[in-house]
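Each chain, letter by letter, is given below.
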Number of protein chains: 2
Amino acid sequence: MKGIFIIADGLGGRPTDLGGNTCLEAAETPYLDALATRGALGLVDPIGPGIRPGSDTAHLSLLGYDPYAVYTGRGVFECLGIGMDVQAGDICFRANFASVEPFGEDLRLLDRRAGRINEGQKELEDALRSLSIPGVEIEFLASTQHRGALRIRGEGLSRFISETDPHEAGVLLHRSRPTKDEPGAEKTAELINQITQQSYELLRDLPLNQKRIADGKPPANVLLLRGAADYPVLPSIESITGARGAVISGGALYRGVAEACGMDFIPVEGATGGLDTDITAKAEAILETLKDYDYVFCHLKGTDNAGHDKNAADKKAFIERMDAELFKVLIERVDWESTHLAFTGDHCTPIDFGDHTVDPVPVLFVGPNVPRDPGTTFGERVAGQGGLGRFSGRVLPMLLGYCNWAPKFGS
Amino acid sequence: MKGIFIIADGLGGRPTDLGGNTCLEAAETPYLDALATRGALGLVDPIGPGIRPGSDTAHLSLLGYDPYAVYTGRGVFECLGIGMDVQAGDICFRANFASVEPFGEDLRLLDRRAGRINEGQKELEDALRSLSIPGVEIEFLASTQHRGALRIRGEGLSRFISETDPHEAGVLLHRSRPTKDEPGAEKTAELINQITQQSYELLRDLPLNQKRIADGKPPANVLLLRGAADYPVLPSIESITGARGAVISGGALYRGVAEACGMDFIPVEGATGGLDTDITAKAEAILETLKDYDYVFCHLKGTDNAGHDKNAADKKAFIERMDAELFKVLIERVDWESTHLAFTGDHCTPIDFGDHTVDPVPVLFVGPNVPRDPGTTFGERVAGQGGLGRFSGRVLPMLLGYCNWAPKFGS
């Protein structure tokens, strides 16, 4: 038995999306509806009822872990997802290129995202290779726009430190401080303050920034660091179930979470982690990867991007494109006698709110071991009538269970 | 208010059982359907969504306990269920009669179940009364076929030891070793190795085994030990709720779990723990026992046996026999104005897979305090549409709750 687990990020919506219908309900999805007709629906609270999920915590929970037990922070998944090697003892951060100006001994924040800078990140990354503190190994990689990830490696570091990002323009950058009386926290906070200052000195006078200033754009002249995290202790899904899995994702975070759970990363050309991603390429990659693995986890990000942008038309269109370019292919080419599929979102990102909400997310299971529901469409309200009821997280363990991969607890 | 809690072991199934229907859906069950018409349905994850239950852990959970907190291993329930006295500090094991041959200083496994020996167990049990190690009290009792249970009692014993059963014919019996650096683990492992060797010396030359060898059958010449467990600390259901309960069960394990929860065991002649059990006798015993107790827990095993044997006809027939010999009697003779009933399984045992699966199990509640569903049958799919939704474990506390026996948490 093979398993296909598809998450459309921020899939769920609200009646306010489109005149009483959610984007998912309003979308024309004949292939998804055909899968719903063959399968069973339910509602999943990604972490638990009334808990508003982050993307990282929701993914951990849907993949079968208790995020309250294992989540250490987002930084580690950003580093993993960007392709860095992360080991126990490392401390990882989400990083932003930002604009600051000197203010006495301090730095004052002008723009948290350096005008959402979208060019020259390589020059910034190269300059930051000179970050240097004795006894500590520092690695920084830029990802998309103003985003990047930073890892520090050394003896006796701690994640229990505050961030430097004040989250507000016009105020001084925070100095990182220990947030817990733990060995190494004081030292790590001081390191982060030094790295912040060094990043300013290394980036300040770059030709790129001179040009940006001349063009009236905010310079990318400092690294803002947040989400300090160390490597979480996750038993791999293979060690728990015996099933070998792979991840297909354009977004770094999702790749990072999946790799931390022991999945192999399958690169797909054209998978951008955005609305413009090549869904057809991802569908082909799912089919190809299933030949070598017991299950594939495929993440699509466009739904969430459109939700955050409060763009109902884009969200609906992306769902319709998933229908035509992914679900159509799966219906036609998967061996449905020996394959189970689960499809859901990691949270709702309704149009009106433009961010994650607590609402449960519709989920669909299809395959020979799944009892069929009477319903013939897929959406929020019909899922509330679904035969699988409402449950919390653990969609991948349920999927692997239908594939008979689950370990027995007790005897 | 009186409560009746019936578990048909491995009740749930899959669409693959019988051409799109589960055995439960396919069975003709007019009396069960009549109860469903008067009651409410739901789906229960015996332990939690996506968790594949063992019988022991599932029963603990359905009876109201957190198996992750209280489960120590199966051995203790086997010993309790076979009627042994078990106290805090004792270490209990599941035991198999097996066939071995000497191999140098070691023993090599020939048959884990001594050809599923089905006669002469009393002679074996008598011989094993001579097991003797200074400072330790050893008790062994045979149960059915090749099965038995062993309890050791003494100072400073530990359950953190590995089993001797290699689970594979042709290889050497394992030597038990400590699995945790805990006081007593080394000593207990050594004890188990001595008991294993002694069992071989005591059984090897018995007339029963000489005859089995002469007949070309595998001798029952050693005890294989596994499932080391100590006595779990369970507050009794009576101490939690005030309700006094009794258990009716042919299977030793279920009796053992229920006794550990404080229920009294009601022996029923003809209750075999198999497909041939006398269901009528159990129905009569339920009615009789309800006169003296607040609730009765009755376990039937035949559904699970048929599931493990991948025999859909037997499973369906057993469900139909339960309908005619148990539910008919209950409908006709229970005082339904003052009684609540809950009926479910401890897990699914689908025909195609032949073992426990993660799928949720249909559950039925009937009684004056239960809101009626529109449905008129009982089965997996209709339960997915049931008014009780989907929940995890704790069916007995819900039943006692309808009977107004539940304690208040908080004020």
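Before any of the text, the structure's been laid out above.
Residues numbered from 1 in each chain as written. Chains lettered and ligands numbered in written order. Predicted model: local features only at pLDDT ≥ 70, side-chain atom pairs only at ≥ 80, totals over all residues. Heavy atoms only, no water.

### Some words on the nonpolar core
(1) Moving on: Within the largest apolar cluster, 50 residues are counted, with the highest numbers of intra-cluster contacts made by Phe5(B), Phe77(B), Met263(B), Phe365(B), Val395(B) and Leu396(B).
(2) Moving on: When contributions to this core are tallied by element, the ones reaching two or more residues are strand E1 (2–8), strand E2 (40–45), helix H3 (55–62), helix H5 (75–81), helix H10 (252–260), strand E11 (295–300), strand E13 (361–366) and helix H15 (395–402) of chain B.
(3) Moving on: Setting aside its immediate chain neighbours within four residues, Phe365(B) contacts Gly39(B), Ala40(B), Leu341(B), Ala342(B), Val370(B), Leu388(B), Phe391(B), Val395(B), Met398(B), Leu399(B) and Tyr402(B).
(4) Moving on: Membership of the second largest hydrophobic core comes to 47 residues, among which are Val44(A), Val247(A), Val370(A) and Met398(A). (Core = buried A, V, L, I, M, F, W, Y, C linked by side-chain atoms within 4.5 Å. Buried < 20%, exposed > 50% of the residue type's maximum accessible area, 1.4 Å probe, protein only. Helix = DSSP H or I, 4+ residues; strand = E, 2+ residues; numbered from the N terminus. Contact = heavy atoms within 4.5 Å.)

### Section: the pattern of salt bridges
Oppositely charged side chains are able to pair whenever their charged atoms sit close together.
Residue and element names in this part refer to chain A.
(1) Moving on: Under the criterion given, the structure shown has 63 salt bridges over all chains.
(2) Moving on: In this structure, Arg153 and Asp85 form a salt bridge, with 3.0 Å as the shortest nitrogen-oxygen distance. Of this pair, Arg153 sits in strand E6 (residues 147–153) while Asp85 is found in the loop between helix H5 (75–81) and strand E3 (91–103), placing the two residues 68 residues apart along the sequence.
(3) Moving on: Residue Arg153 is classed as buried on the basis of its relative accessible area of 18%.
(4) Moving on: Residue Asp85 is classed as partly exposed on the basis of its relative accessible area, which comes to 41%.
(5) Moving on: Residue Glu325 pairs with Arg321 through a salt bridge whose shortest N-O separation is 3.0 Å. Within this pair, Glu325 and its partner Arg321 are both found in helix H13 (residues 312–333), separated by 4 residues, close to a single helical turn.
(6) Moving on: Each of the salt bridges in this network shares a partner with another, and the network as a whole consists of Asp85, Asp90, Glu137, Glu139, Arg151 and Arg153. (Salt bridge = Lys/Arg side-chain N within 4 Å of Asp/Glu carboxyl O.)

### Quick notes on the packing of H3(B) against H10(B)
Residue and element names in this part refer to chain B.
(1) Moving on: In contact at an axis separation of 10 Å, H3 and H10 are set at 35° when each is read in the N-to-C sense. Handedness of the crossing formed by H3 with H10: right-handed. Contact residues: H3 offers Ser55, Asp56, His59 and Leu60, while H10 offers Leu253, Tyr254 and Val257.
(2) Moving on: Tallied by class, the residues present in the contact of H3 with H10 amount to 4 nonpolar, 2 polar and 1 charged. (Axes fitted to C-alpha atoms, helices over the stretch in contact; angles between N-to-C directions. Left-handed = near helix turned anticlockwise from the far one by under 90°. Nonpolar A, V, L, I, M, F, W, Y, C, P; charged D, E, K, R; others polar.)

### Details of the sheet that holds strand E9 (residues 245–249) of chain B
Sheet strands pair via backbone hydrogen bonds, and the direction of the pair is either parallel or antiparallel.
All names here are of chain B.
(1) Moving on: Reading across from one edge, E10-E9-E11-E1-E12-E13-E2-E14 is the order of the 8 strands in this open sheet, with mixed pairing throughout. Whereas interior strands pair on both sides, the edge strands pair on one side only; in this sheet they are strand E10 (264–265) and strand E14 (390–392).
(2) Moving on: Summarising the sheet, E1 and strand E12 (residues 339–344) pair through 6 bridges and their orientation is parallel. Within E12, the residue paired with Ile6 across the bridge is Phe343.
(3) Moving on: Here H3 sits on the sheet in contact with E1, E2 and E11, set at roughly 160° to E1.
(4) Moving on: Contacting E1, E9 and E11, helix H11 (residues 279–290) crosses the sheet at an angle of about 170° to E11. (Pairing = 2+ DSSP bridges.)

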